Amino acid sequence: MSKVIILGAGAAPGVPSLSCGWGNCNPENKKNIRTRTDTYVEINDTKFLIDTSPDIRQHLIDNKIRYIDAVLYTHAHADHLHGIDDLREITRIRLHDAYMEHGETAYHHGIYNFEGLDKIGDLSIQCYAAKETAKSIRRSFPYLVNSVFSKKKNVFYTPSFKINEVKRNHSFYINDIKITPIKLLDHSVPSIGFVFNDGEYVHIADFKTLPSSVFKQIKVRPKLLVIPLTTPFEQRGHAGFKTVMKIIEKINPERAVINHMATECDYDEINAQTPDFVEPAFDGMKIEW
Ligand SMILES: [Zn+2]
C-alpha cells in the first residue's frame, strides 16, 4: 500500500490569515482551516517528506510521523522550508532508538549519555534539493548542514542534515523508489516537482508554467497528482484555476488533489467547479492506493 498525507494545504499566509482573515473562505467549514504546505509520501515502505513548512512540528505530531528516509525540497521559500530545524527531533528519535539497540539507557530525563556514541553510525537526515535551493539552505541554516555528523558532540546541537544536490530530469533512487526532479517555470525562485516511479505519484510545487519536459517524465498513468493553486486567478509566479485544470486534464491522473490554497479559495466552491476525480486538499487529507 502507498499513501500521501497532505499535512498542510495552505499557501504562505495560511487560512485564516492575519491580513485577510477568512477572505472568501467559509469559516464554518473546518476544511478551510489551512496550515502551510508540506506533504508526507509513503511508497512501498519508503517514507518521504516533501518540504518542511513552519507548521511541520504540529504536522509530525498530529500524524505520528517519527521516521523518514528522506526529505525532498521543492524550493527555498520560507513557507516550504523554514520548519527544517524541527526535524532535529527525528534525529533525536534515531539516536534514542540506536542506543536502545545497543542496550544502553541513552535517554534519561532528556539528557543523553554520550559514552556510547562511537558505536552509532551516521544518523544524518538525507535532504534532496536542486542546486539553488541547496545553496539557500546552506546559507540560511548553516548550523544544520555545514559539517558532517560528529560522533563526539551532543547531537542536540550538532549538524545532522546531509544535502544531496539533484538535477532536473536526472532520476535518482531512494531504496527502490525512482524519483525524477521536474522543472517548474516562472515562480519567483527556482522550483522543482517530483515524479515518483515514472508517474505513479506526481508532485508539482509552486509554478506558473510547465515545460514540455515535465510531461515526458510521466510514463505511466498517475495514481495521484498533487498540484498547487494559490488563488483562482493567475498571479505573478502562480498559475490560476484554468491553467491548473488544463494541466490536470493533460496529465490525466486517476485522482488529482489541489493544494497550497490561499484565502481566495473556498473548499466547497473549488470542489463544485472540479470533476469527481479532482478534489481540493485539506489539512490531514490521506490518499491511499
Ligand atoms: Zn513559493
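In this report, we go over the structure that sits alongside the text. What you see is a predicted model; the values in this text were computed from it and never measured.

## A word on the overall build of the chain
Tallying secondary structure elements over the chain gives 8 helices and 16 strands in all. For the chain, the proportion of its 289 residues judged to be buried stands at 56%. Sequence separation of 24 or more characterises 62% of the internal contacts of the chain that already satisfy a separation of 6 or more. Carbon and sulfur atoms provide 50% of the accessible area of the chain, an area that totals close to 13100 Å².

## Remarks on the pairing of strand β11 (residues 191–196)
Within β11, 6 of the 6 residues are buried, leaving the element largely enclosed by the surrounding structure. Burial along β11 is two-sided: the residues S191, G193 and V195 and I192, F194 and F196 are all buried. Pairing of strand β10 (residues 177–184) with β11, which is carried by 6 bridges, proceeds in the antiparallel orientation. Residue pairing for β11: T180 is matched across the bridge by V195. What sits between β10 and β11 in their antiparallel hairpin is a turn of 6 residues, with D186 showing a positive phi close to 65°. Both β11 and strand β12 (residues 201–203) contribute to a ladder of 3 bridges, which runs antiparallel. The partner of V195 across the bridge, within β12, is V202. Between β11 and β12, which follow one another and run antiparallel, lie 4 residues, and N197 among them has a positive phi close to 50°.

## Section: the sheet that holds strand β16 (residues 285–288)
Spatially, β8-β7-β4-β3-β2-β1-β16 is the arrangement adopted by the 7 strands of the open sheet, whose pairing is mixed. Every interior strand has two partners, whereas the edge strands, β8 (161–166) and β16, have only one. Neighbouring strand axes in the sheet, compared pairwise and without regard to direction, differ in orientation by 20° on average. Across 3 bridges, the pairing between strand β3 (residues 46–50) and strand β4 (residues 70–72) is parallel.

## Describing the coordination of the zinc ion
Taken together, the protein ligands of the zinc ion are H75 (NE2), H77 (ND1), H187 (NE2) and D206 (OD), with distances of 2.2 to 2.5 Å. Around the zinc ion, the 4 donor atoms are arranged such that angles at the metal cover 84 to 158°; this shape is classified as irregular. Along the chain, the residues donating to the zinc ion are arranged with the sequence spacing H-x1-H-x109-H-x18-D. Within this pair, whereas H187 is found in the loop between β10 and β11, its partner D206 is found in the loop between β12 and α6 (212–216), the two being separated by 19 residues in sequence.

## Quick look at the pattern of salt bridges
Side-chain pairs of opposite charge can arise whenever the charged atoms involved come near each other. Scanning all chains against the criterion turns up 9 salt bridges. K208 serves as the salt-bridge partner of E234, at 3.5 Å between the closest nitrogen and oxygen. Taken as a pair, E234 in the loop between β13 (224–230) and α7 (241–251) and K208 in the loop between β12 and α6 lie far apart in primary sequence, 26 residues in all. On the accessibility criterion, K208 (23% relative accessible area) is partly exposed.

## Digging into the sheet that holds strand β15 (residues 278–280)
Overall, mixed pairing links the 7 strands, which are arranged β9-β10-β11-β12-β13-β14-β15 in an open sheet. Each having just a single partner strand, β9 (172–174) and β15 make up the two edges of the open sheet. On average, each strand axis in the sheet is inclined to that of its neighbour by 25°, with strand direction left out of account. Packed onto the sheet, α7 meets β13, β14 (256–261) and β15 and runs at close to 170° relative to β13.

Conventions used here
- Numbering of residues begins from 1 in every chain and follows the order in which that chain's sequence is written.
- Selection of residues for local features in this predicted model requires a pLDDT of at least 70, selection of side-chain atom pairs for listing and counting requires 80 or more, and totals for whole chains, interfaces and linings are taken over all residues.
- Note: side-chain values were computed over all heavy atoms of the structure, leaving out hydrogens and water.
- Runs of H or I in DSSP of at least four residues are treated as helices and runs of E of at least two as strands, each being numbered from the N terminus.
- The cut-offs for exposure are 20% and 50% of the maximum accessible area for each residue type, with area from a 1.4 Å probe on protein chains only; residues under the lower value are buried, those over the upper are exposed, and the others partly exposed.
- Contacts are assigned to residue pairs with any non-hydrogen atoms lying within 4.5 Å of each other.
- For the accessible areas, the method is Shrake-Rupley and the probe is 1.4 Å, while residue cover comes only from the protein chains on display.
- When DSSP finds two or more bridges between two strands, those strands count as paired.
- Comment: axis = line fitted to C-alpha atoms, over the contacting stretch for helices; angle = value between 0 and 180 degrees taken between N-to-C directions.
- Coordinating N, O and S atoms are those within 2.8 Å of the metal (3.2 Å for Na, K and Ca), and as water is not part of the atoms, a site may appear to have fewer donors than expected.
- Here the metal geometry follows the donor angles, with tetrahedral for four donors whose angles all fall between 85 and 135 degrees, square planar for four and octahedral for six when opposite donors are more than 155 degrees apart and every other angle is between 65 and 115, and irregular for all the rest.
- Counted as salt bridges are all cases of a side-chain nitrogen of Lys or Arg within 4 Å of a carboxyl oxygen of Asp or Glu.

By themselves these figures say nothing about function.
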